[in-house]
Amino acid sequence: MAQNDPKTLVSTQWLAEHLNDPDIRILDASWFMPAEGRDPKAEFEAEHIPEARFFDLDEIADLRSDLPHMVPPVEKFMSRVRAMGVGDGHQVVVYDRKGIFSAPRVWWLFKLMGHDDVAVLDGGLPKWIAEKRPVTSDPAVIRDRHMFVTYRGDMVKDVTQVSHASKLQDYAIVDARAGERFRGEVDEPREGMRAGHIPNARNVPFASLLNADQTMKSPAETRAIFEAAGVDLAKPAITSCGSGVTAAILILAMERFGKTDHALYDGSWTEWGAFPTVPIATGEA
């Protein structure tokens, strides 16, 4: 049972007890791989936790970029979140339809924008529904609330910064993709991607940090998984994955076990794997 921390992870029981608190704001951040053919917004409209609002990861993004769901411009984040009735003084709880999959990306975005009072729902909607807790198709009642944003640029890295870190080895680069993708043994799900990993990266598949019910393992367990993968926790970390979504699960795990010097490679493999001038490694780390 996770220890509840409104800045990282809260249980379904915690949310049930705080569901009617006036300053709680619940966000459904469900997102699926394109190949899954699921429509998270339609699923949200059919069934969600009462008073939840839908956070569209693909739309609240930098649409000027060719890369998917890159960090949105600050003004766009502010206006979209304000339109959801989320702002200063609110405790945000983010969940998704897989358990812990895309919700940490939105948790991380709020942190990046300087909003600390945000937690992921441990086990997400599947656990909530399994426990027969309330769901609805009714839309939330929205009241406008301003959010003051302080952008924390050190929490995000681009291809140039990651390329330097890979060469200098002054950061621990950690890849959240499955082992066979990291090692370059299978084709990437996106067309035109090379297979393999960033040189000098270590592999902590995000699924290894989760229990069978898609809740997060304890801080002691997740720390041990990072250490067993050869991650040097004395160095600041950069996390990477396929497109910058599951890399945030690694950041959530690190934050839980007390490692706070971390950043996310926003372009992740979608950028690195298609970038002709950066090197690629294959096989074990």
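Residues numbered from 1 in each chain as written. Predicted model: local features only at pLDDT ≥ 70, side-chain atom pairs only at ≥ 80, totals over all residues. Heavy atoms only, no water.

**Section: the sheet that holds strand β10 (residues 262-265)**
Step number 1: What the 5 strands build is an open sheet, ordered β6-β10-β9-β7-β8; its pairing is parallel. Every other strand in the sheet has two partners, leaving β6 (156-157) and β8 (202-203) as the edge strands with one partner each.
Step number 2: With 2 bridges connecting them, strand β7 (residues 172-175) and β8 associate as parallel partners. Across the sheet, residue Val-174 finds its bridge partner in β8, namely Arg-202.
Step number 3: Of the strands in this sheet, β7, β9 (237-240) and β10 are in contact with helix α9 (residues 247-256), which crosses β10 at around 175 degrees. (Pairing = 2+ DSSP bridges. Helix = DSSP H or I, 4+ residues; strand = E, 2+ residues; numbered from the N terminus. Contact = heavy atoms within 4.5 Å. Axes fitted to C-alpha atoms, helices over the stretch in contact; angles between N-to-C directions.)

**With respect to the nonpolar core**
Step number 1: The biggest cluster of nonpolar side chains holds 53 residues, and the ones touching the most others in it are Leu-27, Phe-55, Phe-77, Trp-108, Phe-110 and Phe-226.
Step number 2: Among the secondary structure elements, those contributing two or more residues to this core are α3 (74-83), β4 (91-95), α4 (103-112), β5 (118-121), β7 and α9.
Step number 3: At 8 residues, α9 tops the list of elements feeding residues into this core.
Step number 4: Grouped together as the second largest cluster of nonpolar side chains are 16 residues, Trp-14, Leu-19, Ile-49 and Val-93 included. (Core = buried A, V, L, I, M, F, W, Y, C linked by side-chain atoms within 4.5 Å. Buried < 20%, exposed > 50% of the residue type's maximum accessible area, 1.4 Å probe, protein only.)

**Regarding the environment of Val-159**
Step number 1: When you line up the elements, Val-159 lands in helix α6 (residues 159-168).
Step number 2: On the accessibility criterion, Val-159 (8% relative accessible area) is buried.
Step number 3: Residues Val-159 and Glu-271, spaced 112 residues apart in sequence, show a C-alpha to C-alpha distance of 7.6 Å.
Step number 4: Every residue in contact with Val-159, bar those within four places of it in the chain, is listed here: Tyr-265, Glu-271, Trp-272, Phe-275 and Val-278.

**Notes on the packing of aromatic side chains**
Step number 1: This model, assessed by the stated rule, comprises 8 aromatic pairs.
Step number 2: For the pair Tyr-265 and Trp-272, a centre-to-centre distance of 6.3 Å together with 85 degrees between the ring planes defines the contact as edge-to-face.
Step number 3: For Tyr-265, a relative accessible area of 0% translates into the label buried.
Step number 4: Accessibility expressed as a relative area gives 1% for Trp-272, which makes it buried. (Phe/Tyr/Trp six-rings, centres within 6.5 Å; stacked < 30°, edge-to-face > 60°.)

**Overview of unusual backbone geometry**
Step number 1: The backbone of Gln-169 shows a phi angle near 55 degrees, a positive value even though the residue is not glycine.
Step number 2: Within the element layout of this structure, Gln-169 appears in the loop between α6 and β7.
Step number 3: Overall, Gln-169 belongs to the partly exposed group, its relative accessible area being 40%.
Step number 4: Non-glycine residue Ser-268 carries a positive phi angle of around 45 degrees.
Step number 5: Residue position: Ser-268 is located in helix α10 (residues 268-272).
Step number 6: The exposure class assigned to Ser-268 is buried, which follows from its relative accessible area of 0%.

**What to know about the pattern of salt bridges**
Step number 1: All told, the structure shown has 22 salt bridges when counted by the stated rule.
Step number 2: When the shortest N-O distance is used, the salt bridge between Asp-144 and Arg-82 registers 2.8 Å. Of the two residues, Asp-144 sits in the loop between α5 (124-130) and β6 while Arg-82 sits in helix α3, which places them 62 residues apart along the sequence.
Step number 3: Overall, the relative accessible area of 52% leaves Asp-144 in the exposed class.
Step number 4: On the basis of relative accessible area, Arg-82 is assigned to the partly exposed category, the value being 34%.
Step number 5: For Asp-266, the salt bridge identified is with Arg-105, shortest N-O distance 2.9 Å. Remark: Arg-105 occurs in helix α4 and Asp-266 occurs in the loop between β10 and α10; sequence separation between them is 161 residues. For the pair Asp-266 and Arg-105, a shared accessibility class is recorded, and that class is buried.
Step number 6: Ionic contacts of the salt-bridge type, sharing partners, join the residues Asp-175, Arg-177, Arg-181 and Glu-188 into one network. (Salt bridge = Lys/Arg side-chain N within 4 Å of Asp/Glu carboxyl O.)

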